[in-house]
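Examining the three-dimensional arrangement
If you want the building blocks of each chain, they are given just below.
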Amino acid sequence: MSSLFSRAGLTLHGGDFKGMSLKFVPLKFVAINTVRMWPSTAFAKALVDAIRSNMTDHVVHFALFYLLLIWYICSMGYIISVTFTKPGGYPNRAPRAYKAEGAIYRTKCSAENTFESMVCFLIAVAIYEKAANDYAQELIASWAVLVMLARTMYPVFYIGDIDFLRTLSFGLSLVSYFFMCMVSLFPEFQSFVKYA
């Protein structure tokens, strides 16, 4: 799959600043507009309703727990992969000294990035908890679901070495965190969001 994207020129590694900018600008445009339009989609509403009816009314807190699960799965995937492939198993005495390669290295990186992403999500949730109004609740819930989707696909794209889609997935979650903070802190920002 990654070779298909490479042949199409949809890869982000290598090249000069101009080439990288030409690839990142469309990604930023897609990420920002997807996050902006997401709450008005029927799919977003259906997913929020499914979580509320089948699991919990606290969609944002459920999303945080879900991110923790994704991190755990990636971390355990890394540990199990190293255990079965490295002679001598997982180096528990000095795990940071071990230098993994290939898909195992990308699994480790996806786990680390997922953990780092949880910090950003926690900040957005804390701001929402303190500052949000009733109208923002539906927007925040729909973006929390988008974060769940994006962060689910992120390790898949990272481990599969599909950097273009990995970056898009990362951008969707990062822009969602930003929008969650903006809508919570500045109610007038809600007019920028397409929500019906």
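In the block above lies the structure referred to throughout.
1. Some remarks on the overall build of the protein
Counting its regular elements, the protein contains 7 helices and 0 strands. Residues classed as buried in the protein amount to 40% of the 196 residues present. Considering only residue pairs separated by 6 or more positions, the protein has 74% of its internal contacts joining residues 24 or more positions apart. Here the protein displays about 10,900 Å² of accessible surface, and carbon together with sulfur accounts for 68% of that area.

2. Here's the deal with the state of the cysteines
This model, assessed by the stated rule, comprises 0 disulfides. Just so you know, Cys120 is unpaired, no disulfide at all, and the nearest cysteine sulfur is the one on Cys181, 8.9 Å from it.

3. What about the layout of surface pockets?
Each pocket or cavity is described by its volume, and for the largest pocket that value is around 330 Å³. Along the walls of the largest pocket sit Trp71, Ser75, Tyr78, Ile79, Tyr90, Pro95, Arg96, Lys108, Ala111 and Glu112, which together make up its complete lining. Secondary structure elements with two or more residues in the lining of the largest pocket: α4 (59-85) and α5 (102-131). With 4 residues, α4 is the single largest residue contributor to the lining of the largest pocket.

4. Some words on the environment of Phe164
Locating Phe164 in the fold gives a position in helix α7 (residues 163-185). Given the relative accessible area of 14%, Phe164 is considered buried. Each C-alpha atom, one on Phe164 and one on Phe24, is 9.2 Å from the other, the two residues being 140 residues apart in sequence.

Cut-off values and rules
- Residues numbered from 1 in each chain as written.
- Predicted model: local features only at pLDDT ≥ 70, side-chain atom pairs only at ≥ 80, totals over all residues.
- Heavy atoms only, no water.
- Helix = DSSP H or I, 4+ residues; strand = E, 2+ residues; numbered from the N terminus.
- Buried < 20%, exposed > 50% of the residue type's maximum accessible area, 1.4 Å probe, protein only.
- Contact = heavy atoms within 4.5 Å.
- Areas by Shrake-Rupley, 256 points an atom, 1.4 Å probe, with all protein chains shown as cover.
- Disulfide = S-S within 2.5 Å.
- 1 Å grid on protein atoms, 1.4 Å probe; cavity = no way out; pocket = protein on both sides within 12 Å on 5 of 7 lines; lining within 4 Å.
- Points joined across faces, edges and corners; volume = space filled by probe spheres on them.

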